[in-house]
Amino acid sequence: MKKRPTRFETKTLALRLYSGPAEDGAFAGYAAVFDEPDADGEIISPGAFAESLRIRHVVPLLFNHNPLEPIGLADCFEDDRGLGIEGTLNLELQRGHELRSLMKPVSYTHLR
């Protein structure tokens, strides 16, 4: 029997920063907030990420979800607010510097 390839759904997430980006590329924020419509109009319920986080909570940061373009690492967690991430951009990469620069002007949403 031939296995069908796994299909992944890619979502648009608006990262809501509450810290950073620091000089070393560290930042923290929420990749998803519960009970609020996301960019696609979907509402994410508490517990939506619990099973995935039990399997793995440290994940690579990928530029545009491309596994060939890792740009750092993030530790993910779920709390009462949503899916939080504490990440670090790899500043040895030109793309890491560019993304850090683009994150700077973001007005921080104080969620914590």
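Structure's up top.
Source: prediction; values computed, not measured. (Residues numbered from 1 in each chain as written. Predicted model: local features only at pLDDT ≥ 70, side-chain atom pairs only at ≥ 80, totals over all residues. Heavy atoms only, no water.)

Phe27, Leu61, Leu83, Ile85 and Leu89 are the most contacted members of the largest nonpolar core, which has 17 residues in total. Judged by nonpolar contacts, the second largest core, of five residues, contains Tyr18, Ala28, Val33 and Phe77. (Core = buried A, V, L, I, M, F, W, Y, C linked by side-chain atoms within 4.5 Å. Buried < 20%, exposed > 50% of the residue type's maximum accessible area, 1.4 Å probe, protein only.)

Before going further, it helps to examine the packing of aromatic side chains. Two measures describe an aromatic ring pair: the distance that separates the ring centres and the angle between the ring planes. On inspection of all chains with the given rule, the structure shows three aromatic pairs. Measuring from ring centre to ring centre gives 6.5 Å for tyrosine 30 and phenylalanine 77, while their planes differ by 70°; the resulting arrangement is edge-to-face. With tyrosine 30 in strand β2 (residues 26-33) and phenylalanine 77 in strand β4 (residues 70-78), this residue pair connects regions lying 47 residues apart in the sequence. Owing to a relative accessible area of 2%, tyrosine 30 belongs among the buried residues under this scheme. Both rings, one in phenylalanine 34 and one in phenylalanine 49, keep their centres 6.3 Å apart while their planes meet at 25°; by these two values the pair is stacked. Placement of phenylalanine 34 in the loop between β2 and α1 (50-55) and of phenylalanine 49 in the loop between β2 and α1 is noted, with a sequence separation of 15 residues between them. The buried category is assigned to phenylalanine 34, whose relative accessible area is 4%. For phenylalanine 49, a relative accessible area of 21% translates into the label partly exposed. Members of the aromatic cluster, joined through ring pairs, are Tyr18, Tyr30 and Phe77. If you follow arginine 95 out to its NZ or CZ, it ends over the ring of phenylalanine 63, 3.8 Å from the centre. (Phe/Tyr/Trp six-rings, centres within 6.5 Å; stacked < 30°, edge-to-face > 60°. Helix = DSSP H or I, 4+ residues; strand = E, 2+ residues; numbered from the N terminus. Lys NZ or Arg CZ within 6 Å of the ring centre and 35° of its normal.)

Let us now look at helix α2 (residues 94-103). Residues that lie three or four places apart on an α-helix share one face, since the helix turns once every 3.6 residues. Residues of α2 that are buried: Gly96, Leu99, Arg100 and Met103. Buried residues of α2 fall within an arc of 105° about the axis and therefore sit on the same side. Facing away from the buried side of α2 by over 90 degrees, the exposed positions are Gln94 and Leu102. Next to the buried residues of α2 lie β1 (16-19), β2, β4 and β5 (82-89). (Arc of directions from axis to C-beta. Contact = heavy atoms within 4.5 Å.)

With respect to the secondary-structure elements, leucine 93 resides in the loop between β5 and α2. Taking C-alpha positions, leucine 93 is 9.3 Å from glycine 72, a pair spaced 21 residues apart along the chain. Excluding residues that lie within four positions of it along the chain, leucine 93 makes contacts with Pro70 and Ile71.

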